Amino acid sequence: MTKILDLDLIGIDSTNSANIKPTENIVLRMDKKYPTADYFHYLLVSDNVNSMDGKTDLFIVDPFQRKDILKRKAKRGLGIEISITSTKKLDGTMVGRWIKEVKSIYQFCKSNNCQFILSSGANSVNEMISARTFESILKFMGISPNNYWEEFSEWLDSKYKARWTYVKP
C-alpha cells in the first residue's frame, strides 16, 4: 500500500480506535506533496541536507554524520528526527557516543527552536520498542518524557494549522 501511494510510513492514533476519522487521525510522511495530501495531514520529510528547503517539515538525521551543514540550513520549526533502530547494531562504546551525539542534537534543537523527535525507526511491528523503554531512553538522555510528548503534540498541531485545509469530497 505504501508503494502505491508513494508514502514513507502510515500511522494512526489508536487510543480511541472506535472513533477514528481518517482526515483527523492519519499523518502522511512524504518526500514531496502528492494528491493524497489533500485529504490527510502530512509532513514533508527529507534525509538529504542538500534537498532540504523551506517546505521541509521533518529532517531525518544520522547522529554520526556531519551536523555543520544542518546547523546552517535548519529553520525555526523544523522537526529533526533521530531513529533508535541504528543503535541495536552498535557496541557499548558506540552506543555511548550515539547518546552523546543525540544529546548535542537535542541541545541544538532547543537553542534553534527546532522540534527534537526521537523515533523507534521501526519498519514492522516486530521492530517496535515499548513505551516504557522509549521513555527510559528519554530520561537517560535528560529529557522529561512529559515535556517531550507535550512539545511534540504542540509541534504537530502547529504543522496542521499552518497547512491543513479541508477539501470538499
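Everything below is about the structure printed above this text.
Along each chain, residue indices are assigned from 1 in the same order as the chain's sequence is written. This being a predicted model, a pLDDT of at least 70 is required before a residue's local features are given, and a value of 80 or more before pairs of side-chain atoms are given or counted; all residues contribute to the totals for chains, interfaces and linings. Based on all heavy atoms of the structure, the side-chain values leave hydrogens and waters out of the count.

Let's shift gears to the overall build of the protein chain. Note on conventions: DSSP H or I runs of at least 4 residues are helices, E runs of at least 2 residues are strands, and numbering of each starts at the N terminus. Looking only at helices and strands, one finds 6 helices and 6 strands in the protein chain. Reading the protein chain from its N end, one meets helices and strands in the order α-β-α-β-β-β-α-β-α-β-α-α. Residues counted as buried form 36% of the 169 residues belonging to the protein chain. Any two residues having at least one pair of non-hydrogen atoms within 4.5 Å are treated as being in contact. Long-range pairs, those at least 24 residues apart, make up 46% of the contacts in the protein chain with a sequence separation of at least 6. Accessible surface area values rest on a Shrake-Rupley calculation with a 1.4 Å probe, where residue burial reflects the displayed protein chains alone. Accessible surface computed for the protein chain: about 10800 Å², of which carbon and sulfur atoms make up 52%. Under the scheme applied here, a residue whose accessible area is under 20% of the maximum for its type counts as buried, over 50% as exposed, and between as partly exposed, the area being computed with a 1.4 Å probe on protein chains only.

A separate point is the pairing of strand β5 (residues 79–83). Judged by how many residues are buried, β5 sits mostly within the fold: 4 of 5 residues are covered. Here the rule is simple: two strands pair whenever DSSP picks up at least two bridges between them. The pairing of strand β4 (residues 58–61) with β5 spans 4 bridges and is classified as parallel. For F59, the partnering residue across the bridge sits in β5 and is I80. Sheet topology places β5 next to strand β6 (residues 115–119); 5 bridges connect them, and they run parallel. Note that in β6 the partner of E81 across the bridge is I117. Note on handedness: a crossover is taken as right-handed if, strands pointing away from the viewer, the path from the first strand over the helix to the second is clockwise. Taking the sense of rotation as the criterion, the β-α-β connection linking β5, helix α4 (residues 92–111) and β6 turns out right-handed.

That's the geometry; what it means functionally is another story.
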